[in-house]
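One-letter residues, chain by chain:
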Amino acid sequence: MLRTHTCGQLRKSDAGTEVTLCGWVESKRDHGGAVFIDLRDRYGITQVVIGPPEANATLIDEAGRVAAESVILIRGKVSERLEGKANEKLATGEIEVRSEHFEILNSCETPPFTPNQADLPGEDLRLKYRFLDLRRAEMQRSMVLRSTIVKTMRDYFAEYDFIDVETPILGRSTPEGARDYLVPSRVHPDSFYALPQSPQLYKQILMVAGFDRYIQVAKCFRDEDLRADRQPEFTQLDMEMSFVDAEDVMSLIDGLVARTAKEVLGKEVKTPLPRMTYDESVRRFGSDAPDLRFDMEIVDVTSVAKKTEFRVFRGTADSGGFVRGIPVKNAATKYSRRQIDELTEYVKGDFGAKGLAWFRVEDDGSLWSPISKNFDEAHLAEIKELMAGEPGDLLMFLADSWEVTSKGLAGLRKRLAVDLGLIDPEELNCSWVTEFPMFERDEETGRWNAMHHPFTAPLESDLPSLKDNPQDCRAQAYDLVINGSEAGGGTIRIHNPSTQSDVFELLGIDAETAEDRFGFLLNALKYGAPPHGGIALGVDRWVMLFAGLDNIREVIAFPKTQKAADLMTQAPGSVDKEQLAELHLRAAKVTN
RNA sequence: GGCGCGGUAGCUCAAUUGGUUAGAGUCCCGGACUGUCGAUCCGGAGGUUGCGGGUUCGAGUCCCGUCCGCGUCGCCA
């Protein structure tokens, strides 16, 4: 070992000890006759003094010329700082190392930015020089937190006899669901592997194989557009168990959530976590991942809208649509007409709403709005009653389909909560959304799609509706929601081949296609498949949420940009013609 | 694919309605300095305003196209 201690380790009690430290030059204060260097490693910062009597003039001169972010080694004696010179900002601030030996292990070119600079550089620069960016204290914290969370997960599942099994990265493409990343095969012309979107099918087969408790920290890949909380490759804590029902899986994860909150945040999370059905969630919050850190619940006023003379409301209600709204407490004076116009543009642009209706609850309790002349007093009173409106409130409404009102109000609700500061950044709100629909209809083709995946088991009680009323058929599915973000999702799987066939049939996957794509799973189900189910937890999301961050790239060492590029390695990149030829490929477009 | 925001010195930003030589802080380079911890002081260097085209007497500023980054909707079984 080149060093005897780390830069975060030394305290007053170490005074007098001879030490050797290694690290990066965080900053340097050159006084000519003496030089102060803040030496940094991932454990902390220690002040090094290069000055007389320990150091001679040559050494002081050399230290004065060392470039920022150079890697150096120093040897010297730990000494208590002079009276009144302690630095309270540093854990090591009561001591310094008076260096008698100073050595540059590797000098650093002038970096485009330094890890500790006051203004954070643009993200593209941070990504290009990720090795510098990762030196920043925030990034180091994120990475350590990530490691701690993964360790907590592994330890937790190990306690419950789960075993870790690795499943292939090179698998089969399944055209359902997200787009696959494909890998061409050299030895099989015109054939492709696909990178896994999840280890779903493998883990089910592991259940058939008798490994009744499986986990894996699994890299997954989806070739879809990115978001602040979505990367094309991401990590899941994938888990599967045999002989369980949905409640068993949820309560096991309840324990993990509580354990993790306790371990990494020192917070108590009460279990069992609250459960809410999908229907209830969409009705009250417009979303299947409701943010329960604040109220502003959606209220359905369609019944009143039907009676009014206001054409937009009445017309929508009469034609099977919905008029739903959210009460925004004490916001009447906080939003100008212009700001409301902006919100209107938001719901129109992002959710396809036709407009945004709003009322102000006046001091006398009456409702006022540019459209209020279209309403009878009695109807206004009814609306206010339903919305529990009080003076100073702003009531906002969308009149549209169930989907548009849900998504629009959910978006509005979240945006307003952020605007109005209704969210406590310290809160960690965890809950379950259950009983998702089995199927949703594809707007374009009119066909049924699996909402989760086609191996999801229906609720026993809904089995009769599977064939004739698929829209009413609910799944044994559960999503873990943390602070309004989907942090995991799982289901109980179908373990009997005939139910599986029924589901495929409904999805328009004929027996031949099913055999071609999933034959191996269907085959396995015939050979003694136990009842089983599991969940996949989004590790990146967990770290992001536990760290209180709102961007997933901040918890991934080497993330990709919105166009799925790696600015550091320049991936994806072009390849030689020869490489393509070996893979039996030809580029469709020649790049200039 | 749609909508929106952004790109000016190595970095973070500024530049009035289109108007003189595009500024500041920081970093960097040179010098001074033994108690700093955002060290201080003196001096200096540093620019094809992302790229291409257009309008104009004149473009960082206006228009068109394009590239890159970010947010969001679609998409993400």
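In short, a report on the structure.

About the criteria used
Residues numbered from 1 in each chain as written. Chains lettered and ligands numbered in written order. Predicted model: local features only at pLDDT ≥ 70, side-chain atom pairs only at ≥ 80, totals over all residues. Heavy atoms only, no water. Helix = DSSP H or I, 4+ residues; strand = E, 2+ residues; numbered from the N terminus. Contact = heavy atoms within 4.5 Å. Salt bridge = Lys/Arg side-chain N within 4 Å of Asp/Glu carboxyl O. Pairing = 2+ DSSP bridges. Axes fitted to C-alpha atoms, helices over the stretch in contact; angles between N-to-C directions. Phe/Tyr/Trp six-rings, centres within 6.5 Å; stacked < 30°, edge-to-face > 60°. Buried < 20%, exposed > 50% of the residue type's maximum accessible area, 1.4 Å probe, protein only. Parallel < 35°, antiparallel > 145°, perpendicular 65-115°, else oblique. Left-handed = near helix turned anticlockwise from the far one by under 90°. Nonpolar A, V, L, I, M, F, W, Y, C, P; charged D, E, K, R; others polar.

**Some remarks on the side chain of Thr-260**
Right, so step 1: With respect to the element layout, Thr-260 can be found in helix α6 (residues 246-265).
Right, so step 2: Ignoring anything within four residues of it in the chain, the contact list for Thr-260 reads Ile-149, Thr-152, Leu-265, Trp-542 and Phe-546.

**Some words on the pattern of salt bridges**
Right, so step 1: Applying the stated rule across the entire model yields 44 salt bridges.
Right, so step 2: Across the pair Glu-224 and Arg-179 runs a salt bridge whose closest N-O atoms are separated by 3.1 Å. Taken together, the residues span a long stretch of sequence, with Glu-224 in the loop between β9 (213-221) and β10 (233-242) and Arg-179 in the loop between β6 (163-164) and β7 (182-184) at a distance of 45 residues.
Right, so step 3: Residues Lys-262 and Glu-268 are paired through a salt bridge, measuring 2.7 Å at the closest nitrogen-oxygen approach.
Right, so step 4: Through salt bridges that share partners, Arg-126, Arg-130, Asp-133, Arg-136, Glu-138 and Glu-554 make up one connected network.

**With respect to the sheet that holds strand β1 (residues 18-30)**
Right, so step 1: As summarised here, the arrangement of the five strands in space is β1-β2-β3-β5-β4, forming a closed barrel in which the pairing is mixed. Shown here is a sheet whose adjacent strand axes are inclined to one another by a mean of 55°, direction ignored.
Right, so step 2: Relative to strand β5 (residues 95-106), strand β4 (residues 71-80) is paired through 10 bridges, and the arrangement is antiparallel. Residue Val-78 lies in a different strand from β5, and its bridge partner there is Val-97.
Right, so step 3: Where helix α1 (residues 57-64) meets the sheet, its contacts fall on β1, β2 (35-41), β3 (44-50) and β5, and the angle it forms with β5 comes to roughly 70°.

**A look at the packing of aromatic side chains**
Right, so step 1: Under the criterion given, the structure shown has 20 aromatic pairs.
Right, so step 2: Summarising the aromatic geometry, the rings of Phe-157 and Phe-162 are spaced 5.0 Å apart at their centres and angled 65° between planes, so their arrangement reads as edge-to-face.
Right, so step 3: What makes Phe-157 buried here is its relative accessible area of 0%.
Right, so step 4: For Phe-162, a relative accessible area of 8% gives the class buried.

**Some remarks on the packing of helix α5 (residues 200-208) against helix α15 (residues 511-525)**
Helix-helix packing: each pair is described by the crossing angle between the helix axes and the interaxial distance.
Right, so step 1: Between α5 and α15, the least distance of the axes is 9 Å, while the angle of their chain directions is 20°. Taken as axis vectors, α5 and α15 run roughly parallel relative to one another. You can see that α5 and α15 cross each other, and the crossing is left-handed. Here Leu-201, Gln-204, Ile-205 and Val-208 of α5 lie close against α15, whose contacting residues are Phe-518, Phe-520, Leu-521 and Ala-524.
Right, so step 2: For the contact of α5 with α15, the per-class residue count stands at seven nonpolar, one polar and no charged.

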